[in-house]
Amino acid sequence: MTNIFADFLSSLSLINLGLAFSGVLAGIIIGALPGLSATMAVAILVPFTFALEPSSGLIVLGAIYTGAIFGGSWSAILINTPGTPSAVATTFDGYPMAKNGNGDLAMSISCMSSFIGGLVGVICLALFAPPLASVSLKFGPTEYFWLAILGLTLISTLAEGDNIKSLIGACIGLLMSMIGVAVVGGDIRMTWNISFLNSGIEIVSAMIGLFCIPVILDLTSMKGKHLSDSETPKNLRLKESFLIVFKKKFEAVRGALIGTFIGILPGAGGSIASIVSYGEAKRASKNKDNFGKGEPEGLIASETANNATVGGGFIPTLCLGIPGTPPDAVILGALLVQGIRTGDTLFTQQSSIVYTFIFGLFLATIIMLPLGLLMGRYAYKSIIKIPKEVLIPIIIFLTIIGSYSIQNNILNVYFMFFFGLVGWILNRAGFKASPIVLGLVLGQIAEQGFVQAYIIGNAQDNILANYFARPISIILVIFILMGLFLPALKKIYNRRKNAQTN
Amino acid sequence: MLRQIKDKISFVSGIFFVILSFILFYEASTLSPFGAVFPFAMTTILIILSIILIIRSFRFEIKVINQTISYVKIPLLIIVFFMWIYFLERTGFIITSLISFNLIVLINSGLNISLKRITLYMILGSIFILLLYFGFKNLLLVPLPEGLWFRDL
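Model, not experiment: these values are computed from the prediction.

About the criteria used
Residues numbered from 1 in each chain as written. Chains lettered and ligands numbered in written order. Predicted model: local features only at pLDDT ≥ 70, side-chain atom pairs only at ≥ 80, totals over all residues. Heavy atoms only, no water. Helix = DSSP H or I, 4+ residues; strand = E, 2+ residues; numbered from the N terminus. Rg over C-alpha atoms; globule rule 2.2 N^0.38 Å. Buried < 20%, exposed > 50% of the residue type's maximum accessible area, 1.4 Å probe, protein only. Contact = heavy atoms within 4.5 Å. Buried area = accessible area lost by both parts, 1.4 Å probe. Salt bridge = Lys/Arg side-chain N within 4 Å of Asp/Glu carboxyl O. Polar contact = N/O pair within 3.5 Å; in protein donor to acceptor, adjacent residues only side chain to side chain. Nonpolar A, V, L, I, M, F, W, Y, C, P; charged D, E, K, R; others polar. Phe/Tyr/Trp six-rings, centres within 6.5 Å; stacked < 30°, edge-to-face > 60°. Core = buried A, V, L, I, M, F, W, Y, C linked by side-chain atoms within 4.5 Å. Domains from an automatic or database assignment. Patch = residues over 30% accessible without salt bridge, like charges linked within 9 Å, V, L, I, M, F, W, Y side chains within 5 Å. Areas by Shrake-Rupley, 256 points an atom, 1.4 Å probe, with all protein chains shown as cover. Expected span 1.5 Å × (residues − 1).

Within chain B, the secondary structure is distributed over 5 helices and 0 strands. The order of helices and strands in chain B, counted from the N terminus, is α-α-α-α-α. By the compact-globule yardstick of 15 Å for 153 residues, chain B is too spread out, its C-alpha radius of gyration being 24 Å. With the principal axes as the frame, chain B shows a C-alpha extent of 55 × 50 × 25 Å. Taken over 153 residues, chain B has a buried fraction of 41%.

Before going further, it helps to examine the overall build of chain A. The secondary structure content of chain A amounts to 21 helices and 2 strands. The C-alpha radius of gyration computed for chain A amounts to 22 Å, which stays within 12% of the reference 23 Å derived for 502 residues, consistent with globular compactness. Counting the 502 residues in chain A, one finds 63% classified as buried. Within chain A, contacts between residues separated by at least 24 positions form 78% of all contacts whose residues are at least 6 apart in sequence.

Below, the discussion takes up the interface of chain A and chain B. In this assembly, 64 residues from chain A lie in contact with 60 residues from chain B. Here chain A meets chain B over a buried area of about 5,700 Å², counting both sides, of which 80% is carbon and sulfur. Where chain A packs against chain B, one counts 0 salt bridges. Along the contact surface separating chain A from chain B lie 6 residue pairs in polar contact (both at pLDDT 80 or more). Secondary-structure elements contributing two or more residues to the side of chain A that touches chain B are helix H3 (38–49), helix H8 (163–177), strand S2 (188–189), helix H9 (203–221), helix H17 (388–407), helix H18 (410–428) and helix H19 (433–459) of chain A. It is H17 of chain A that provides the largest number of residues to the side of chain A that touches chain B, a total of 13 residues. Residue composition of the side of chain A that touches chain B, grouped by class: 48 nonpolar, 8 polar and 8 charged.

Bringing unusual backbone geometry into the picture now. Residues and elements named next belong to chain A. One non-glycine residue, asparagine 408, adopts positive backbone phi at about 50°. If you trace the backbone, asparagine 408 turns up in the loop between H17 and H18. When its relative accessible area of 33% is taken as the criterion, asparagine 408 is described as partly exposed. The phi torsion at aspartate 461 lies on the positive side, around 60°, for a residue other than glycine. Position of aspartate 461 among the secondary structure elements: in the loop between H19 and helix H20 (463–468). On the accessibility criterion, aspartate 461 (71% relative accessible area) is exposed.

Here the focus is the packing of aromatic side chains. Residue and element names in this part refer to chain B. Per the counting criterion, the structure on display carries 32 aromatic pairs over all chains. Centre to centre, the rings of phenylalanine 25 and phenylalanine 40 are 4.7 Å apart; their planes meet at 45°, and the pair counts as tilted. Here the residue phenylalanine 25 occupies a position in helix H1 (residues 8–28), and phenylalanine 40 occupies one in helix H2 (residues 33–59), the gap between them amounting to 15 residues. According to the relative accessible area criterion, phenylalanine 25 is partly exposed, its value standing at 33%. A relative accessible area of 28% means that phenylalanine 40 is categorised as partly exposed.

The biggest cluster of nonpolar side chains holds 161 residues, and the ones touching the most others in it are Ile168, Phe314, Leu318, Phe347, Ile396 and Ile400 of chain A. Taken domain by domain, this core gets at least three of its residues from each of domain 1 (2–59) and domain 2 (73–139) of chain B. Counting 34 residues, the second largest nonpolar core, distinct from the first, contains Val24, Ile300, Leu371 and Ala379 of chain A.

How big an interface is tends to be stated in terms of the accessible area lost upon association of its parts. Taken domain by domain, chain B holds domain 1 (2–59) and domain 2 (73–139). Computed over C-alpha atoms only, the centres of domain 1 of chain B and domain 2 of chain B are separated by 40 Å.

Attention shifts here to a nonpolar patch on the surface. Residues and elements named next belong to chain A. There is a patch of nonpolar side chains on the surface, built from Leu481, Phe485, Leu486, Leu489 and Ile492 and spanning about 440 Å² of accessible area. Mapped onto the fold, leucine 486 is located in helix H21 (residues 471–501). Accessibility expressed as a relative area gives 31% for leucine 486, which makes it partly exposed.

What follows covers the side chain of threonine 309 of chain A. Residues and elements named next belong to chain A. Looking at the element boundaries, threonine 309 is found in helix H13 (residues 296–320). In this structure the side chain of threonine 309 is engaged in a polar contact, spanning 2.5 Å, whose partner is the backbone oxygen of asparagine 306. Discounting chain neighbours no more than four positions away, the residues touching threonine 309 are Tyr65, Gly259, Gly263, Gly269, Gly270 and Ala273.

Right, let's talk about the pattern of salt bridges for a bit. Residues and elements named next belong to chain A. Following the criterion strictly, the structure yields 5 salt bridges over all chains and no others. Notably, a salt bridge pairs arginine 189 with glutamate 447, separated by 2.6 Å at the nearest N-O pair. Of the two residues, arginine 189 is situated in strand S2 and glutamate 447 in helix H19; the sequence distance between them amounts to 258 residues. Close ionic contact of glutamate 297 with lysine 248 constitutes a salt bridge, the shortest N to O distance being 3.3 Å. Residue glutamate 297 is found in helix H13, and its partner lysine 248 is found in the loop between helix H10 (238–247) and helix H11 (249–263); the two are separated by 49 residues along the sequence.

Before going further, it helps to spend a moment on helix H12 (residues 269–284) of chain A. A rise of 1.5 Å per residue sets the reference length of H12 of chain A, with its 16 residues, at 22 Å; its end C-alpha atoms lie 23 Å apart and thus fit the reference within 8%. By the criterion of burial, H12 of chain A is predominantly enclosed, with 14 of the 16 residues buried.

Let us now look at the side chain of threonine 90 of chain A. Its place among the elements puts threonine 90 of chain A in helix H5 (residues 90–99). A polar contact is formed between the side chain of threonine 90 of chain A and the side chain of serine 302 of chain A, at a distance of 2.8 Å.

The next thing to look at is the environment of glycine 169 of chain A. Residue and element names in this part refer to chain A. Mapped onto the secondary structure, glycine 169 falls in helix H8. Glycine 169 sits 265 residues away from serine 434 along the chain, and the two C-alpha atoms are 8.2 Å apart. Setting aside residues no more than four positions away along its own chain, glycine 169 makes contact with Pro435 and Ile436.

Structure (structure tokens):
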């Protein structure tokens, strides 16, 4: 107990506080720029941490990660482009809120929700890391496959627009994820002799293109301002947003717990977490019809979940040495360079460093709240004042620099441009970008899980049981069926009820 | 038959995706069993969904509300955007970005904005580009293309 208290005091040193502050600030800025993801933010800034003490270096990385995940919501709200893949669900209600003149409210709600999600994730990391890590071991290939399918069916039924077209979009995304070398078998698929495609489509480039380019082209044609300012105040409607979040406190905690739980599953990530949380929030809400049109509850669900994956993702990273999310993979590398051995002995033999890091993460989350609200106020007011004539080339510039910076390869920029044009045409035909992007993100997880489950089932002479008889799989399949058929069944039931009433 | 189609966009999209699915299905048939199973499954699902879309297009229309297109600005923007990418490594990041950025400002400004204001936008935009370039290059150590003429900059 005394040691933990000493670790807490150590995290409160002036240097560590300064590093946490700088990390959150840098993370928010980088995460907010479309094209620069949380993984990139952490990867770019990792070398700077090698000169620091191990615990201080980890505090910076955790702070950057926390800030970047929150920062991703800014571009999602203001220009309908998620700054990170985990902010895809934020666009569903964040951008409509901004279009309705409630962008300032959306920014504040996003900050408060990210704070709640981050706190819950860190608390779970501090108190329940080892037992939660053992849960992640119960997820095998079959469970990962069904989890990916759950994410895809939810996005297809929850995203705004036509359900059939959303499912087609998800299939397109899944097919795009198959370009390159097959995850099992090693076949080279759909590359048409373009050697660059052997490594597959770079997800961030495709995401930037699919989300940003349609926005740019529509802005070019639009007359008038991009976003309208609300008639109120200068203070980002803090009281109003606090009351909204407080009223939905249980929903916020639910979203955070979903995010933490999905975060502990290696490879699942914030994108699935925010979608599942959004789906659950819509299912349980009394304002279902408002979702997708600017419902604050949708924004709360998405942002609590994706920030909770920060803490949740560190559980398998620290306990099992298996990164929970892509930024965790980068941080794991930094841990190994610092000589820290992950595993179940980490919390006993190197507890000082670990608990200092966890407290640092806790502080970064707390710092994120006032910093996010303050920066958000100025960022929002500045961005809505930027004339469209300048905003458009700025966004184009960021898309180019963002997609180029991933691998320093101009081909990524060409692909971003190509997918952007395709995305714009599909958008005009009613096919939205979010199912396609999620299909691309979840495709490899789904395929690897599917094929590995098949191989295991085949070896056990019981393929169907391997897919459908495992306890966690049964629960996931039930959720998938509910997500697919429940809305349609409800519609039919309501129609019959209305017919009988009439 | 064409007159019976209520939702032409969905009909055309459905046809397109059916054709695409068959092409990809054929591609997948040349792969090993493990490499082919998921493409087969996805193309089959895509064919089914596309057929549902086509059938639905005869029954009712789901309207897609779109921004009206500017037939002048959008093609110009696409051309300049492509040129920006094409010349990025040849001419260098700074020169290409400064020229393309300011061209796009001009395209979007049209005739409604004063010359003074356009000039101000161009100057501020150029400062933004230079700041970000030096930030990426010197602070974040991300190498950006220098082009044929500024390799040693």
